[in-house]
Every structure is written in C-alpha cells, then in structure tokens.
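Residue strings, one per chain:
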Amino acid sequence: MLAIDGGTPVRTVLLPYGRQAIDERDVAAVREVLLSDWLTTGPTVTAFERAFAAATGAGEAVAVTNGTAALHAAMHALGVGPGDEVIVPTLTFAASANCVVYQGGTPVFADVDPGTLLLDPAAVERLITPRTKAIVAVDYAGQPCDYAALECFGLPIVADACHALGGSLAGRPVGSLAKLSTFSLHPVKPMTTGEGGVITTDDPALAQRMRVFRNHGITTDHRQRQEGGSWFYEMVSLGFNYRLTDFQCALGLSQLEKLPAWVERRNAIASRHDAFFAGQPGAAPLAQRLGRVNGYHLYVVQLALEALTVDRDAVYRALRAEGIGANVHYIPVHLHPYYRERFGTRPGQCPVAEAAYQRILSLPLFPGMTLADEADLHAALAKVLRAYAR
Ligand SMILES: *Cc1c(COP(=O)(O)O)cnc(C)c1O
C-alpha cells in the first residue's frame, strides 16, 4: 500500500532533490582566509575569478553576490534599458526575466522545445522586433542550448548557465558559449559558495563594466586604492554592492577543484535513472541532444499523464509520503501574477511550456547520493507509478 494511503514508506528520512557537498578541505580553505588580512575585495577574489575563467574556457570571470546579481550585471553590461525587449524562455526561474525588469526593459517570453524544454529558436525568431536587445538562453536542467541556432539572429546572447556549470557543447565548455554566461553558486547548484554568482565573458570591456557595476559604479576598489596609496575615487555610473567576499571565494576555489568529478558523478547517476525509466511507461526523462555534456543540476522527467489515473501533484505528494523529495522546476514565468499584472502576459502564450509544466517533476540527483538512495528512489517511483497506472 502507498505510504500516502497508510502503507509503510520506502524510507523515513527525506531524500532531497539536491544538496551541497562540503568536506574538511573546504572548511580549512575558508578558515585560512577568515584569519587573513582581506575578508573582502582581497586577493582570493581575483584568484577565484582566474580559476573560474580557466575552468570555463572564458577570458574573464567576474564574481558577484548571487546568480541574480550576475544576470543583473549582464543586462547592465549590454546596456539594456527602458524601451528594450529581451527574449527569455518562460520555463525558468523568475530571476532570468526579473533582471530585464531591473534595468527598465521588457522581458518577452518564448516557448521551449517539447523534448528538451530548452529555448526553441523558432519561437525566438517569431518574437524578434526592432526593439529586441538581447536573448537570455537558459541551459535548462543542465543541458546547453542550441547556441549555433540562436547566434543566427545576430543578437547578443546571455547564457543563464546556472544549471549547466561543468557541461560542454561540441567540446567547448559552458561559460564560453555565449557573449556573457551567468552562474549561481547557491548550495543546490553544481558547486557552492553559500550564496554567490559569476559572469564569464571573453570581452574585457564588458568584464570591466561589470566590475564597476558590482562596486557601486566606482572605478577603483579598496585594494587598488590601498596599493596605489591614494584615497581618491569617483563614481561614474549607478552600480550596486554586489561584491562576493574573499572567504566565499576560498570556498569557491576549493569546490571548483572537485567540480569535474562531481559532473562525472551526476552523469553516472543520471544514466542509471535513465535506465530505470526505460522500463516505465508512466514517465520519461528529458531528450538529450548529441554532442552536449549535461551539467545535470536537475534530473527532470515528464509524466505520461495519459497513462496515469492522477495528476502531477498527486504523484508529487505520493513520492513525498514515500520519503522522496521531488520538486517542480518551474511555474512558467509568464504565469506569475506579477508578470500578468505588470506586463499583461496570459495563459496560452507559450503552450508547450504550459503543457510541460503540468507533467514535470525534478527527482533527486546530487554527488553525495548513495547507491542505497538510488535504490530507494527507484523503488518509490516503481511503487507510485504502478499504483497510479491507468
Ligand atoms: C538559481 C538560478 C538563478 C538565480 O541564482 P541565485 O544565486 O539564487 O540568485 C537564476 N537562474 C536560474 C536558471 C537558476 O537556476
């Protein structure tokens, strides 16, 4: 009997959909910097930026306080402002669109491919107007978008690569696939600094603009003034305090070393999940395109609702009762009350994403997951999908 109907649950400790991995080397790295002269704007920020740029094959990396600040800085760097439109896929976290609104621009929501749930280039093409300033491409769940197709429109592309750190496309690492790429270092993401974010680019002028932006719009930082022996500074544009601390960057450097092994591990777990679903008519994993290494921030399946007697939320609740912490990523952004009220977006605008939203579940996948955790997940899924099979 299903746990939700009073049966015995598969497990009693909830298996989360994602979680960070912190070890003693991470702790030691943070401790060392905490006891040093520089807690912020110090040398560890620069060291982390250099290592992150090298790991992603980008010329420059700019560290900021979180992934949302990274997106905001990218919009600022491109000069997005009032009257500008930026095309954003609707199946994403709200921040992918909010960054356009911060700059006074208008997000224009595009539909996604039904198999991969990645931004659909044909949908983008239909939405381009003389006011279109840029495209935000979200590497949903960790699979890189079709950048070659998106580049054909001749517009600057911001890769919201928050899910895809460690992935690649045709041998080129995520972080070097677009004019600007943004990352989040939140604990559920591929690596963490607690809170944190990074923007990568090959354009030194854009990187400089973002370094000024994260520091109130002031052209020199505290360390540069100390080294130059001068107190004088000027503010040249309106910026924010989006600086990431040195002790967070120490954690970032330590985590970055482990990233390649973690991405390999995420892919190994994902392929065992795929093998499980090959024998399940009730749900299917997302389509994977050739030549792309998936960063697998999320393992997303689409339920075959026509083969089930219940809806997604009932499957979610039954899994939860079995001790499986599934999740839903995401409510299409154009359906949020804020966007409907402020920008007049409405249901029916992005039919593929809206239909997918009814079917999607994100299932546990993280490097610290054990074989016993995997067995529990597969047992709970088999139990729930069998009970609700039509
Ligand atoms: C996590 C995430 C963000 C925001 O990152 P924060 O660090 O939480 O601000 C933006 N876009 C996507 C796709 C994300 O997954």
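Residues numbered from 1 in each chain as written. Predicted model: local features only at pLDDT ≥ 70, side-chain atom pairs only at ≥ 80, totals over all residues. Heavy atoms only, no water.

### A closer look at the sheet that holds strand 12 (residues 299-303)
Ordered in space as 10-12-13, the 3 strands form an open sheet in which the pairing is antiparallel. Each edge of the open sheet carries a strand with a single partner, namely strand 10 (283-285) and strand 13 (360-363). Geometrically, the sheet is characterised by an average inter-axis angle of 35° between neighbouring strands, direction not taken into account. Two strands pair when backbone bridges link them, and strand 10 and strand 12 are joined in this way by 3 bridges, in the antiparallel orientation. If you follow Pro285 over to strand 12, its bridge partner there is Val301. Sheet strands in contact with helix 10 (residues 312-321) are strand 12 and strand 13, and its direction is about 20° off that of strand 13. (Pairing = 2+ DSSP bridges. Helix = DSSP H or I, 4+ residues; strand = E, 2+ residues; numbered from the N terminus. Axes fitted to C-alpha atoms, helices over the stretch in contact; angles between N-to-C directions. Contact = heavy atoms within 4.5 Å.)

### A look at the site of the ligand
As a structural note, the neighbourhood of the ligand is formed by 14 residues, with Gly67, Thr68, Asp160, Ser184 and Lys189 the closest of them. Between Asp160 and the ligand, the recorded distance is 2.8 Å, taken from a side-chain N or O atom to a nitrogen atom. Tyr330 places a polar side-chain atom, nitrogen or oxygen, 3.4 Å from an oxygen atom of the ligand. Calculation on the ligand without its partners gives an accessible area of 380 Å², and the protein chains cover 91% of this total. Counting atoms within 2 Å of the grid points, the majority share of the ligand lands in the second largest pocket. Of all the elements, helix 3 (residues 67-77) adds the most residues to the shell around the ligand, at 3 residues. (Near = heavy atom within 4 Å. Polar contact = N/O pair within 3.5 Å; in protein donor to acceptor, adjacent residues only side chain to side chain. Areas by Shrake-Rupley, 256 points an atom, 1.4 Å probe, with all protein chains shown as cover. 1 Å grid on protein atoms, 1.4 Å probe; cavity = no way out; pocket = protein on both sides within 12 Å on 5 of 7 lines; lining within 4 Å. Sits in = over half its atoms within 2 Å of the grid points.)

### What about the packing of helix 10 against helix 13 (residues 371-387)?
Taken N-terminus to C-terminus, the directions of helix 10 and helix 13 make an angle of 135°; their axes are 10 Å apart at the nearest point. Taken together, the axis directions place helix 10 and helix 13 in an arrangement best described as oblique. Classified by chirality, the crossing of helix 13 by helix 10 is right-handed. Packed against helix 10, whose contacting residues are Val315, Ala318 and Leu319, the element helix 13 presents Ala380, Leu381 and Val384 at the interface. (Parallel < 35°, antiparallel > 145°, perpendicular 65-115°, else oblique. Left-handed = near helix turned anticlockwise from the far one by under 90°.)

### Regarding the sheet that holds strand 2 (residues 85-89)
Sheet strands associate in pairs through backbone hydrogen bonding, adopting either a parallel or an antiparallel arrangement. Strand order across the open sheet formed by 7 strands is 1-9-8-5-4-2-3, with mixed pairing between neighbours. The sheet is open, and its two borders are formed by strand 1 (60-64) and strand 3 (106-110), each paired with just one other strand. Here the average twist between neighbouring strands, direction ignored, is 25°. Here 3 bridges tie strand 2 to strand 4 (residues 132-138), and the two strands are oriented parallel to one another. Within the sheet, the bridge partner assigned to Glu85 lies in strand 4 and is Thr132. Across the sheet, helix 3 touches strand 1, strand 2, strand 4, strand 5 (157-160), strand 8 (180-184) and strand 9 (197-201), and the angle it forms with strand 8 is around 165°. Seen against the sheet, helix 4 (residues 95-102) touches strand 2, strand 3, strand 4 and strand 5 and runs at an angle of roughly 150° to strand 3.

### Section: helix 1 (residues 24-34)
Along an α-helix, a turn takes 3.6 residues, which lines up residues three or four apart on a common side. Turning to helix 1, its buried residues number three or more, namely Asp26, Val30 and Val33. Relative to the axis of helix 1, the buried residues are bounded by an arc of 65° and lie together on one face. Exposed residues on helix 1 whose side chains face more than 90 degrees from its buried face are Glu24, Arg25, Arg31 and Glu32. With a side-chain oxygen lying 3.1 Å from the backbone nitrogen of Arg25, the N-terminal cap of helix 1 falls on Asp23. (Buried < 20%, exposed > 50% of the residue type's maximum accessible area, 1.4 Å probe, protein only. Arc of directions from axis to C-beta.)

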